[in-house]
Amino acid sequence: TTPDEENIRPRILLMGLRRSGKSSISKVVFQKMQPNETLFLESSNKIMKENVSNSAFVDFELWDLPGQIDFFDPSFDADVVFGVRGSLIFIIDAQDDYIEALHKLHTTVTKAFKINTNIKFEVFIHKVDGLTEDNKIETQRDIHQRAIDDLSDSGYDQLHLNFHLTSIYDHSIFEAFSKVVQRLTFHLPFIENLLNLLISNSAIEKAFLYDVVSKMYIATDSSPVDMQSYELCCDMIDVVIDISWIYGVKDDAENSAFDDNSASVIKLNDGTVLYFREVGHYLAVVCILREDDFERRGIITYNVLCFRKAMQLLFELMAKKKNEESEYSNK
Ligand code: GDP
């Protein structure tokens, strides 16, 4: 039987030259390591595999591949590595001379594309914290141009690369990873649509669906995302979790205080209100709205509960599909 694509756990591959920042990214985003602790990470020459399983949407295998990997080495089985649904993230150190990295990018993505044309290709132009604003834009333009030219010169016009400027020293790495995960999410249009309905019926300015553990956003409404709003909501999640841990500990220490009923409102001096509501296992909706509009709090709460109900129906459908699939494959 061929399993339904939707039920296959996707795989995210981290690739790039040695010291480009692969292990730092995986440690900072998924293991909560502080960015400055990554200075002393040991380089590894093995493929490091990790299961990331936080919530219904952040559920994948993360593979960190060593920089010196040689595709022509017979012990490297490219069919196995690239042969499943997922993303390939190629990391380029923007503080270093990137010509060699661009060569490696080209050989890597073309090799993977020959095996699996459905892989999503993402390029992180990384460590941009060391660059000035002008320099960032110029570096991105140059890397983008050269990478695309190399591909079209060798006839790979259908191979699409997505570019992101990233650094582990700010929220950009979380934002970029959010986009990577979103491209792998089957129900994204449905969730986006629900968020659009939610904001337009509640006078909310912006709404994000967050994976609380990794602080990635799984979806947002269709108004543009500005980095500041994203950071504000990330900070709010930190506050809610910290307060839950300090004041909400139950008798049973195994039970976290963050549960089905977690909700919070923060009012800022500038008249902005942040509204947080848990909507599923380690998933929360975080909304930004004006204080005046928050006077109709009853309607907003009601609409958020409707959103939550719709999400719960989606989870039930997803679970049902998974069960049917496993029954079918056991036959
Ligand atoms: P790997 O060999 O690709 O796994 O690279 P590492 O994760 O070991 O990172 C190599 C070095 O780059 C480490 O000293 C990190 O602290 C540093 N690094 C990683 N990400 C960033 C970043 O965003 N900005 C800066 N300035 N340094 C970074």
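Residues numbered from 1 in each chain as written. Predicted model: local features only at pLDDT ≥ 70, side-chain atom pairs only at ≥ 80, totals over all residues. Heavy atoms only, no water.

So, on to the sheet that holds strand S1 (residues 11-16). Within the open sheet, the six strands sit side by side as S2-S3-S1-S4-S5-S6. Their pairing is mixed. The sheet is open, and its two borders are formed by strand S2 (48-53) and strand S6 (161-165), each paired with just one other strand. For this sheet, the mean angle separating the axes of adjacent strands, direction not counted, is 20 degrees. Pairing analysis gives five bridges linking strand S5 (residues 120-126) to S6, with the strands arranged parallel. (Pairing = 2+ DSSP bridges. Helix = DSSP H or I, 4+ residues; strand = E, 2+ residues; numbered from the N terminus. Axes fitted to C-alpha atoms, helices over the stretch in contact; angles between N-to-C directions.)

Let us now look at the packing of helix H1 (residues 22-30) against helix H5 (residues 172-183). The geometry of H1 relative to H5 is characterised by a closest axis approach of 10 Å and an angle of 90 degrees between their N-to-C directions. Here H5 runs roughly perpendicular to H1, going by the angle between their axes. Between H1 and H5, the contacting residues are Ile25, Val28, Val29 and Phe30 on the first element and Ile173, Phe174 and Phe177 on the second. (Parallel < 35°, antiparallel > 145°, perpendicular 65-115°, else oblique. Contact = heavy atoms within 4.5 Å.)

To continue, consider the site of the ligand. Around the ligand sit 18 residues in total, of which Lys22, Ser23, Ser24, Thr38 and Asp129 are the nearest. Thr38 places a side-chain nitrogen or oxygen 2.8 Å from an oxygen atom of the ligand. Within the contact set of the ligand, an oxygen atom lies 2.9 Å away from a side-chain nitrogen or oxygen of Lys127. Computed on the free molecule, the ligand has an accessible area of 590 Å², of which 91% lies beneath the protein chains in the complex. (Near = heavy atom within 4 Å. Polar contact = N/O pair within 3.5 Å; in protein donor to acceptor, adjacent residues only side chain to side chain. Areas by Shrake-Rupley, 256 points an atom, 1.4 Å probe, with all protein chains shown as cover.)

Let's shift gears to the sheet that holds strand S11 (residues 283-290). Taken together, the five strands give an open sheet; going across it, the order is S8-S7-S11-S10-S9, and neighbouring strands pair in antiparallel fashion. Each end of this open sheet is capped by a strand with a single partner; those strands are strand S8 (216-220) and strand S9 (263-267). Geometrically, the sheet is characterised by an average inter-axis angle of 25 degrees between neighbouring strands, direction not taken into account. Across six bridges, strand S7 (residues 206-211) lies against S11 in antiparallel orientation. Residue pairing in the sheet places Ala207 in a bridge with Cys287 of S11. In this fold helix H7 (residues 227-247) packs onto S7, S8, S9, strand S10 (272-280) and S11, with an angle of close to 50 degrees to the strand it touches most, S7.

Centre-to-centre distance and the angle between the planes together describe a pair of aromatic rings. Inspection of the entire model under this criterion finds 13 aromatic pairs. A ring pair is formed by Phe30 and Phe177, whose centres lie 5.1 Å apart and whose planes are at 85 degrees; its orientation type is edge-to-face. Taken together, the residues span a long stretch of sequence, with Phe30 in helix H1 and Phe177 in helix H5 at a distance of 147 residues. Among the residues examined, Phe30 registers a relative accessible area of 14% and is labelled buried. Of the aromatic side chains, those joined through ring pairs into one cluster are Phe30, Phe60, Phe124 and Phe177. For Arg11, the ring lying beneath its charged end belongs to Trp63, and the centroid distance is 3.9 Å. The ring of Phe208 carries Lys206 above its face, with NZ or CZ at 5.6 Å from the centroid. (Phe/Tyr/Trp six-rings, centres within 6.5 Å; stacked < 30°, edge-to-face > 60°. Buried < 20%, exposed > 50% of the residue type's maximum accessible area, 1.4 Å probe, protein only. Lys NZ or Arg CZ within 6 Å of the ring centre and 35° of its normal.)

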